[in-house]
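Reading the structure
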Amino acid sequence: MKYDRLGFPIPPEFAAPSGRDIDALPAQRGTEIQPPQPRRRAGRGKQIFLLGVLAAVVVPGLLAPGILPVISDVVVEWSLERAMVGEARGNIPAALGDIGRAIRWTGADAGRRSRLLCWRAMLRIENSDPRGAIVDADQAIAIAPTLTQPRRVRALARVMLDDPDAALNDAETAVELAGPGDPEALNHRAYIRALVGRDLEAALDDIDSALAEDAAGPPEFLDTKGFVLHLLGRHHEAVDQLNVAIDGTQKTRRDLMAVAGHVDPDELAYRLRTLDHGLAVMHHHRGLACGALGLAGQARQDLETAERKGYAPEKGIF
């Protein structure tokens, strides 16, 4: 299974013919999206087969040890599919249970186990359980100490727990692990600095460095820069950045909707939900900047849109 920039799983159906993920489809004017080939969903027959195999596993001696890794892979993939559906439908407790099963059945691959722990940590954050998220992130760090994602997830949980020093320390460590020029780590540190309201000039330096090779940048980077500029009192510049970020994310959303009917609806809903949460944050940031400029109508519209799309700091959507 592939993962996006934040470490979340990307369904195979969303792979473009060139091998790129759909959220990285070319944005050039006139480029047409070729719908991916649909994959048949795991139906009731597969579930019955899986349950039958699991029942056989508990009977000693029925299956040779060499088959167990195959069974493990089947259980993990099935659990990940169910977790994705649960998250897409907003059933976070069910998704947590499915990810927990996948973690228990994952083998010795430290990187994979770490990513799954980070996914569960993010689900715990959305379930208003930042302390549980930290437990998962701690485990992920223990088994894969050189990966940056667990530190980044733990930083978000520590922001929710109003522990800015620890959050900043995690963000700093993630930059050190990734290397000083890593755009993702720099964007993350800039955003953590913005969320806790510290080192804002350094945060601007971080995001400018992250955008050094591509000033147009990913929308989430532009959102970070817009938010930092707002906090620095540069509200006009902030709105300009946030306009571009929102436009880019809305285009990606339209691209996703263009393949509706060619991909599994639950998997489409999963990707749309992630995009809408990103848009919620961007609209909230623009609402703040517009409010600071005295644009009361636009600010109210943005803040209402943010709330409608799921802006919720208590669930880590900030």
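1. Observations concerning the overall build of the protein chain
Counting its secondary structure elements, the protein chain contains 13 helices and 2 strands. Here the protein chain holds 318 residues, and the buried ones make up 47% of them. Partitioning the contacts of the protein chain with sequence separation of at least 6, the portion at a separation of at least 24 is 59%. Summed over all atoms, the accessible surface of the protein chain reaches about 15100 Å², with 53% contributed by carbon and sulfur.

2. What about the side chain of Asp 170?
Within the fold, Asp 170 resides in helix α7 (residues 164-178). The contact partners of Asp 170, leaving out residues within four places of it in the chain, are Arg 151, Arg 154, Ala 155 and Arg 158.

3. Quick notes on helix α5 (residues 130-143)
Compared with the 20 Å implied by 1.5 Å per residue over 14 residues, the 20 Å span of α5 between its first and last C-alpha is a close match. Those residues of α5 lying buried are Pro 130, Gly 132, Ala 133, Ile 134, Asp 136, Ala 137, Ala 140 and Ile 141. Check the buried side of α5 and you find it contacts α4 (110-126) and α6 (149-160).

4. Examining the environment of Thr 252
Checked against the element boundaries, Thr 252 lands in helix α11 (residues 235-258). A C-alpha to C-alpha distance of 8.2 Å links Thr 252 and Leu 275, two positions 23 residues apart in sequence.

5. Considerations on the confidence of the model for the protein chain
Residues of the protein chain with pLDDT of at least 70 account for 79%, and the chain-wide mean is 84. Confidence over residues 1-42 falls short of pLDDT 50; this stretch has 82 contacts with residues more than four positions distant or in other chains.

6. Looking at the nonpolar core
Membership of the largest hydrophobic core comes to 32 residues, with the highest contact counts inside it found for Leu 80, Ile 99, Leu 116, Trp 119, Leu 123, Ile 125 and Ile 192. Listed by contribution, the elements that provide at least two residues to this core are α2 (68-88), α3 (92-105), α4, α5, α6 and α7. Per-element accounting of this core gives the leading share, 7 residues, to α4. Ranked by size, the runner-up nonpolar core spans 27 residues in total, among them Leu 186, Leu 204, Leu 222 and Met 282.

7. Considerations on the packing of α5 against α6
Remark: α5 packs on α6, axes separated minimally by 9 Å, with the N-to-C direction vectors making an angle of 160°. Of the possible angle classes, the one that applies to α5 and α6 is roughly antiparallel. Between α5 and α6 the crossing geometry is left-handed. Residue-level contacts link Pro 130, Ala 133, Ile 134, Ala 137, Asp 138, Ala 140 and Ile 141 of α5 to Pro 150, Arg 151, Arg 154, Ala 157, Arg 158 and Met 160 of α6. Considered class by class, the residues forming the contact of α5 with α6 number 9 nonpolar, no polar and 4 charged.

How each quantity is defined
Residues numbered from 1 in each chain as written. Predicted model: local features only at pLDDT ≥ 70, side-chain atom pairs only at ≥ 80, totals over all residues. Heavy atoms only, no water. Helix = DSSP H or I, 4+ residues; strand = E, 2+ residues; numbered from the N terminus. Buried < 20%, exposed > 50% of the residue type's maximum accessible area, 1.4 Å probe, protein only. Contact = heavy atoms within 4.5 Å. Areas by Shrake-Rupley, 256 points an atom, 1.4 Å probe, with all protein chains shown as cover. Expected span 1.5 Å × (residues − 1). pLDDT = per-residue confidence, 0-100. Core = buried A, V, L, I, M, F, W, Y, C linked by side-chain atoms within 4.5 Å. Axes fitted to C-alpha atoms, helices over the stretch in contact; angles between N-to-C directions. Parallel < 35°, antiparallel > 145°, perpendicular 65-115°, else oblique. Left-handed = near helix turned anticlockwise from the far one by under 90°. Nonpolar A, V, L, I, M, F, W, Y, C, P; charged D, E, K, R; others polar.

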